[in-house]
Amino acid sequence: REMASICGKKDDYVIPLTFRECVHGLGHGAMFITESDVPASLALCDVLPSQEEKGLCYSGIFHENTSSSTNTAHPAKYIKEGDPMYPCNILEQRYLAVCYRYQSSYFAILTNHDWQKTVDLCMQVPREYRVECFQTIGTNQVGFTQDMGLMRNNCSLAPTKELEDICISGVVVSLTGRYMNDVSRVLSFCEGVDEEYKKACFRQMGGAIRNWSNVPSNRDRLCNLISNPQYTS
């Protein structure tokens, strides 16, 4: 009864990222009150009014199930060491994109952050969800290391340009999520990627900083910090 109203409406927020974090947190909360029951938690998220909100709520569930620092007190019930694709491989299709995105974090834990082995597991994910898996290889780099060069090198393990692009974009997603209103790390990362990946890197930066403010001039100021006008646009 209360799930759909806890976070209010997106338009109520000056900082869109705050709304996104609130709805993501609903997924974590659902896992808390259901004692880590993934299907029951997904059913709670399904009452949210928009597909965007449902997806954000699902993300909290799968985050809690695979890699959350809080789940030591509420151990995950829906992981199987001998079946790294579980529980994604038992869920309905509408949950799978978000499930495989967060399952990538479980792959990294299983491989002890051996990124080549994590890449190999992502390549076993159904083809239509591999981009989700590789995006999280990118986002996980920011918690793994502060060495921008190492982040780029780990993304280069992706077997195709498209998947490397996605991994690079994932790094930007994480940097902009952790360091709101500070683009210095993103600029350092994107300026160091090979030329063929710069466009995707800076495009993701633009997409991410939209979540920092609803004020266009604030976004413009940050985009104008990019030295190359081609990528500013």
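Above: the structure in question.
Remember, predicted model here, so these are calculated numbers, not experimental data.

(A) Spatial organisation of the state of the cysteines. Per the counting criterion, the structure on display carries 6 disulfides. Two residues, Cys 45 and Cys 57, share a disulfide whose sulfurs are 1.9 Å apart. Disulfide Cys 45 to Cys 57: torsion about the S-S bond roughly -60°, handedness left-handed. With Cys 45 in helix 2 (residues 38-45) and Cys 57 in helix 3 (residues 51-66), the pair connects residues that are 12 residues apart, well separated along the chain. Each member of the pair, Cys 45 as well as Cys 57, is classed as buried. The side chain of Cys 88 participates in a disulfide bridge whose partner is Cys 99; the two sulfur atoms lie 2.1 Å from each other. Linking Cys 88 and Cys 99, the disulfide has an S-S dihedral of approximately -90° and is accordingly described as left-handed.

(B) Looking closely at the environment of Cys 57. Note on Cys 57: relative accessible area 0%, which makes it buried. Spatially, the C-alpha atoms of Cys 57 and Ala 30 are 8.8 Å apart, while their sequence positions differ by 27 residues. Those residues in contact with Cys 57 that lie beyond four places of it in its chain are Met 3, Val 23, His 24, Leu 26, Gly 27, Cys 45 and Leu 48.

(C) Structural context of the packing of aromatic side chains. Going through the model one piece at a time under the given rule, you end up with 6 aromatic pairs. When the centroid spacing of 5.6 Å and the interplanar angle of 20° are considered together, the rings of Tyr 100 and Tyr 129 count as stacked. In this pair, Tyr 100 sits in helix 4 (residues 96-110) while Tyr 129 sits in the loop between helix 5 (115-122) and helix 6 (130-144), placing the two residues 29 residues apart along the sequence. The buried category is assigned to Tyr 129, whose relative accessible area is 9%. Here the basic side chain of Lys 80 rests over the ring of Tyr 86, its NZ or CZ set 4.3 Å away from the ring centre. Taking the ring centre of Tyr 179 as reference, the NZ or CZ of Arg 185 above it sits at 3.7 Å.

(D) Expanded view of the packing of helix 7 (residues 148-155) against helix 8 (residues 161-178). For the pair helix 7 and helix 8, interaxial distance at closest approach is 9 Å and the crossing angle is 145°. Between helix 7 and helix 8 the crossing geometry is right-handed. For the pair helix 7 and helix 8, contact is made by Met 148, Met 151 and Cys 155 and by Glu 164, Cys 167, Ile 168, Val 171 and Leu 175, respectively. Classifying every residue of the contact of helix 7 with helix 8 by side-chain character gives 7 nonpolar, no polar and 1 charged.

(E) Focus on unusual backbone geometry. The omega torsion across Tyr 86 and Pro 87 is 15°, close enough to zero to call that bond cis. Assignment of secondary structure puts Pro 87 in the loop between helix 3 and helix 4. Backbone geometry at Ser 36 places phi at a positive 65°, although glycine is not the residue there. For Ser 36, the position within the fold is in the loop between helix 1 (16-33) and helix 2.

The rules behind each value
- Residues numbered from 1 in each chain as written.
- Predicted model: local features only at pLDDT ≥ 70, side-chain atom pairs only at ≥ 80, totals over all residues.
- Heavy atoms only, no water.
- Disulfide = S-S within 2.5 Å.
- Helix = DSSP H or I, 4+ residues; strand = E, 2+ residues; numbered from the N terminus.
- Buried < 20%, exposed > 50% of the residue type's maximum accessible area, 1.4 Å probe, protein only.
- Contact = heavy atoms within 4.5 Å.
- Phe/Tyr/Trp six-rings, centres within 6.5 Å; stacked < 30°, edge-to-face > 60°.
- Lys NZ or Arg CZ within 6 Å of the ring centre and 35° of its normal.
- Axes fitted to C-alpha atoms, helices over the stretch in contact; angles between N-to-C directions.
- Left-handed = near helix turned anticlockwise from the far one by under 90°.
- Nonpolar A, V, L, I, M, F, W, Y, C, P; charged D, E, K, R; others polar.

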